[in-house]
2 protein chains.
Amino acid sequence: MRKTYLATALLVAVATMTTPAQAADATSVVATTVIPEAQYPRVHPDGKAEFRLHAPGAKDVKVDICGKKYDMTRDADGNWTATTDPLVVGFHYYFLLVDGVSVIDPASEAFYGCGRMSGGIEIPESTEASAYYTFNPETRHGQVRECQYFSKTENAARRCFIYTPAEYETSGDKRYPVLYLQHGMGEDERGWHQQGMMANILDNQIAAGKCEPMIVVMDYGNCGYIHGARKGEKRDDFGATFTPILLNDIIPYIDSTFRTKTDRDNRAMAGLSWGGHQTLQTTLYNLDKFAHIGTFSGALFFDPAKIKELYGGVFADAGSFNSRVKTLFLGIGSEENFGTEKISAALTEAGINNTLYISPGTHHEWLTWRRCLNEFLPLIFK
Amino acid sequence: MRKTYLATALLVAVATMTTPAQAADATSVVATTVIPEAQYPRVHPDGKAEFRLHAPGAKDVKVDICGKKYDMTRDADGNWTATTDPLVVGFHYYFLLVDGVSVIDPASEAFYGCGRMSGGIEIPESTEASAYYTFNPETRHGQVRECQYFSKTENAARRCFIYTPAEYETSGDKRYPVLYLQHGMGEDERGWHQQGMMANILDNQIAAGKCEPMIVVMDYGNCGYIHGARKGEKRDDFGATFTPILLNDIIPYIDSTFRTKTDRDNRAMAGLSWGGHQTLQTTLYNLDKFAHIGTFSGALFFDPAKIKELYGGVFADAGSFNSRVKTLFLGIGSEENFGTEKISAALTEAGINNTLYISPGTHHEWLTWRRCLNEFLPLIFK
C-alpha cells in the first residue's frame, strides 16, 4: 500500500546522516525510489536528476528518461555520471543503456511498466502539492491485500490487490461500495499501488471526509505487455480477454470474500490509458452492473462526431443514459493532446452528463493519474 | 501472497500455445519467474537453465547464477545465449553481466535480494515435492496485507506484510497466535512472500489441519543491504536496530490492528540466515514475550562449547528454559556446513529441548527455508 520507496527513502535519509554521499553537492537529495543505502540517483532543487553507474568495462552508457537519452561521462575509476535537464514533477520510468542494452539501474527499486520491470524515479513536488498522495502519520491507514483466486475463465490462478479502508477492521457488518481500478498498457496490477500511491490518496480523502469509505480492487488487465508483443494480436483484441474475467470471476470473488455492496449504484470502474479504453468497453455494455465510470488519459480513439453510434448506441438516448450512469468522468493531462476535451464536448452536446478534468501541466504519466483519481473519488457513491 | 510469478507463468503458458518460442527445443519450458510474454529463460528437464539476451552492441555477456559465471555466445543478430549446468531445484537469484555490469535480465521478474533488486529463476521440483508451496485451487486462501505504520523508534513510516488465514474474514471475534518471520541479509520484507511462497505454505498446512491458523508478520529487519555497505558498521551492529522497533512499534501495532492473542505462548519468532541471528538476539533476551523460536540456516557464529555463557546465560538453567520455551527449532540445509548440528548437539547436551531439521541436498537458499518453515509450523502454538 505505502509506496515501496517511501520507507526506503526514509531509511536512506537516516543512512545519509551517517554516511554523506561522496562528491554529491549539498543541495541535492537521494531520490525516494532507490534501494537501501544507495546514494544515487539524486534530485536537484531545480528538478534535474543525477545518475551514476560503476561500469569500468562499458564503452557507452546512457540514461533513457522522459523520452530523451543523456550520454553519461566516465571518470578514471569507471564511474559514469549524467545530470538531466529539469524533469517534470512526479514519477517517471527510466532505463540505463549499457552498450546499447536497456537495463534497470542497480540503484533503483523496480516497477512493472513499459511491459517489463523498469527503473523509476520520483521528482518531488512541493509539500503542499504532494500532500494528497503522501503518507500522513496523523491519520488512520487502510491496507492493500494481495489475494489469489482461481479464474475459471482463464483456467489459471490470478492475483489481485484489494484496498480496504482503515475502518474495515472494526466496522462489524458494515458493507462498502467497490471501485475496480485498472492500470495502463505495459503495466500490471501493482501499478496503482506502487506508482500511483492510491492507498495514500484513499487514506487522505477518507480521513478528510472527502470521499466515501470504499473498497478498491486492482487486477491485471491482460495488457501488461506492449501491444504487438503477442503475434497476430490486433489492437481491438488487446486486453479484451479481461472483461469476461472481471464479470465472471473477479466480481463474484470480491463479493463473496469482502463485505461489499453489490448493487450497480455501489460499483464503479475506472482505468488509466488503455485501462480507460477497457473501462468503457466493459461498463458501457454492462450498465446493469456499473453506475460510475472514469477514464484517466483514456485511450479513446474514436470520432467524436459519431458519438451516438458508439458502444451499441448507448449515448443515443441521453435521458436513459443519465438516469443510469451517476458518474461519467474524463480526465486528461493538459499536455497530452489525446482529444479528450473534444469527446467531452461531444458528449455534452449529445446531452450526456459528464465531468471533464484537465490536470495542469502534466503529460501521459502517473502524476496525471494520481490527480485524476483524487478528482474522481469525491464524485462517486454519493 | 501468491508468488508474483505464478500467475505470470500461467499467462505465459497460455501465450506459448499461440506463439511457439523460436529455436527453443520442445522439452524445455519457460521459467515461471519471467515477465508476461517472455520466452526466456527456459528450464530443461535436467534442470539446466537457458538464457537469452538481445545485445548487439555488447562485447561480452555472461550469466551469473549459483556462484558460477557462464559465458554467453553471440549469434549474427546480436542475440546472446547460454545454457547452464543442471541447477539445484528451487529459487535462485541471478544476474546478467553486460560488459562487466551486473544487471537484471530484462525478461525476469525482479526480487529484492543480494542487497538490490535481482533477477530470479525457479527450477521446478516434481509436482509431489513442490505441492506444499504450490497454490491449490481446491483450498481456501489467506491474504497478505501490506500495511503502513509509523515507527516512533525510527521516526519514519515503515511497511510490513501480514498474512491472515482464510477464515479470518468470517471468524468474528476469534483471536489468533502470531509468528514474526524474518528475511535474511540483503533481503527485505517482501522475501518470504515473493521468494519463500509462505502464503501457499500456510494455506496448505492450515487446510490440511497440520498447523494452527495463525497470523504471520513480515517486516524489514534493517539488514537489507549487504553487511559493510554502511561505513563503520560492525558485524554486531548489523540489523541490531530492528529489535527495539519490533518490540516497541511493530508488536503494539499488530496487536492493536489485528485480532491477535497477545500472551507469550501465542507469539513466535523465526528468521532465515541473518534473520535467524536476529531471532535469537531478540527472543532470548525477551522470553517474557516469546515462547516459540526458530532459526532457518541461522547465522549463529558462536562456539558451541560456550553455550551456557551465551545470551546472558539463558541456556545455563535447562529446567527454567524448557519450562518457558515451548519450541526451539534449528533448521539447516545438508550442504551448508554452518555448524548447526553441533549447536543443536551442544544444546541437547546442556539439557535444552530443541528440534534439529536438516533439509536434504539443499544449500543456503530459499528451498531450504521453505522446507524449514513447513517443518516449523506444525510445532508451534500447540
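Residues numbered from 1 in each chain as written. Chains lettered and ligands numbered in written order. Predicted model: local features only at pLDDT ≥ 70, side-chain atom pairs only at ≥ 80, totals over all residues. Heavy atoms only, no water.

### Notes on the nonpolar core
As a reminder of what qualifies: Only buried residues count toward a nonpolar core. Its members are Ala, Val, Leu, Ile, Met, Phe, Trp, Tyr and Cys residues joined through side-chain atoms within 4.5 Å. Only protein chains enter the accessibility calculation, which uses a 1.4 Å probe. A residue is then buried if its area is under 20% of the maximum for its type, exposed if over 50%, and partly exposed in between. Note on contacts: a residue pair qualifies if any of its non-hydrogen atoms lie within 4.5 Å across the two residues.
Membership of the largest hydrophobic core comes to 62 residues, with the highest contact counts inside it found for Val 63, Met 72 and Ile 121 of chain A together with Val 63, Met 72 and Ile 121 of chain B. Those residues within four positions of Met 72 of chain A in sequence are excluded, and the remaining contacts are Phe 51, Arg 52, Leu 53, Val 61, Lys 62, Val 63, Trp 80, Thr 81, Ala 82 and Leu 96 of chain A.

### Brief notes about the pattern of salt bridges
To be explicit about the condition: The term salt bridge refers to a pairing of a side-chain nitrogen on Lys or Arg with a carboxyl oxygen on Asp or Glu at a separation within 4 Å.
For the coordinates displayed, the defined rule picks out 40 salt bridges over all chains. Across the pair Lys 48 of chain A and Asp 46 of chain A runs a salt bridge, and its minimum N-O distance is 3.8 Å. A salt bridge links Asp 288 of chain B to Lys 289 of chain B; its shortest N-O distance comes to 3.2 Å. Linked by salt bridges that have partners in common, Arg 145 and Glu 169 of chain A together with Arg 145 and Glu 169 of chain B make up one network.

### Describing unusual backbone geometry
Generally, phi is negative for residues other than glycine and the peptide bonds are trans, each holding for most cases. Our working definition: Put simply, DSSP marks the helices as runs of H or I at least four residues long and the strands as runs of E at least two long, and each gets a number from the N terminus on.
In this chain, Tyr 40 of chain A is followed by Pro 41 of chain A through a cis amide linkage whose omega measures -5°. Position of Pro 41 of chain A relative to the elements: it lies in the loop between β1 (29-30) and β2 (42-43). The phi dihedral of Ser 273 of chain A falls on the positive side, at around 55°, and the residue is not glycine. With a phi close to 55°, Asn 222 of chain B is a non-glycine residue in the positive phi region. Its relative accessible area of 7% is what places Asn 222 of chain B among the buried residues.

### Brief notes about the packing of aromatic side chains
Short version of the rule: Only centres within 6.5 Å qualify two rings of Phe, Tyr or Trp (six-membered ring in Trp) as a pair; their planes then separate them into stacked at under 30 degrees, edge-to-face at over 60, and tilted for everything else.
All told, the structure shown has 42 aromatic pairs over all chains when counted by the stated rule. With a centroid separation of 4.9 Å and 90° between ring planes, the pair formed by Tyr 132 of chain B and Tyr 133 of chain B is classed as edge-to-face. The burial state of Tyr 132 of chain B is the same as that of Tyr 133 of chain B; both residues are buried. Of the aromatic side chains, those joined through ring pairs into one cluster are Trp 192, Phe 296, Phe 329, Tyr 357, Trp 366, Trp 369 and Phe 376 of chain A.

### Remarks on the interface of chain B and chain A
In many reports, interface size means the accessible area that the parts give up when they come together. The criterion, for reference: We call two N or O atoms a polar contact when they sit within 3.5 Å, provided that within protein one can donate a hydrogen and the other can accept it, with sequence-adjacent residues counted only if both atoms are side-chain atoms. Two strands are counted as paired when DSSP detects at least two bridges linking them.
Contacts between the two partners involve 65 residues from chain B, matched on the other side by 64 residues from chain A. Remark: the boundary between chain B and chain A carries six salt bridges. For the salt bridge of Arg 145 of chain A with Glu 169 of chain B, the shortest nitrogen-to-oxygen distance reads 3.1 Å. Our count for the contact surface shared by chain B and chain A stands at 16 residue pairs in polar contact (both at pLDDT 80 or more). Those elements that place two or more of their residues in the side of chain B that touches chain A are α1 (4-18), β3 (48-54), β9 (101-103), β10 (110-113), β11 (116-123), β12 (143-151), β13 (156-164) and α4 (198-207) of chain B. Bridge count for strand β12 (residues 143-151) of chain A against β12 of chain B is three bridges, and the pairing is antiparallel. Across the sheet, the residue bridging to Val 144 of chain A is Glu 146 of chain B, located in β12 of chain B.

### Concerning helix α4 (residues 198-207) of chain A
Counting buried residues in α4 of chain A gives nine out of ten residues, a clear majority hidden from the surface. Buried residues along α4 of chain A sit against β12, β13 (156-164), α3 (191-194), β15 (215-219) and α9 (366-376) of chain A together with β12 of chain B. Of the residues one or two after α4 of chain A, Gly 209 of chain A is the one with positive phi, at around 70°.

### Some thoughts on helix α8 (residues 340-349) of chain A
Residues and elements named next belong to chain A. Our working definition: The arc in question is traced by the directions running from the helix axis to the C-beta atoms.
Taken residue by residue, α8 has Thr 340, Ile 343, Ser 344, Ala 346 and Leu 347 as its buried positions. For α8, the arc enclosing every buried residue in end-on projection is 160°, short of the 170-degree limit, so these residues lie on one face. Along α8, the residues that are exposed and aim more than 90 degrees away from the buried face are Lys 342, Thr 348 and Glu 349. Next to the buried residues of α8 lie β18 (327-333) and β19 (355-359). Immediately downstream of α8, the backbone of Gly 351 shows phi near 85°, a positive value.

### Structural notes on the sheet that holds strand β3 (residues 48-54) of chain A
Residue and element names in this part refer to chain A. Strand order in the open sheet made by the five strands is β1-β2-β3-β7-β6, with antiparallel pairing throughout. Every interior strand has two partners, whereas the edge strands, β1 and β6 (73-74), have only one. Two elements, β6 and strand β7 (residues 79-86), share two bridges in a ladder whose sense is antiparallel. Within β7, the residue paired with Arg 74 across the bridge is Trp 80.

### Some thoughts on the relation of the copies chain B and chain A
For clarity, the cut-off: Superposition of the copies was done by least squares, using only C-alpha atoms of residues whose pLDDT is at least 70 in both.
By a simple turn and slide, chain B fits onto chain A: the slide is 0.0 Å along the axis, the RMSD is 0.0 Å, and the turn is 180°. The transformation just described matches what one would write down for a two-fold rotation axis. Closest to the rotation axis within chain B is the C-alpha of Arg 145 of chain B, separated from it by 2.0 Å. Here 98% of the contact residues of chain B are again contact residues in chain A; the copies associate through an equivalent surface.

Honestly, that's just the spatial picture; any functional story needs more than this.
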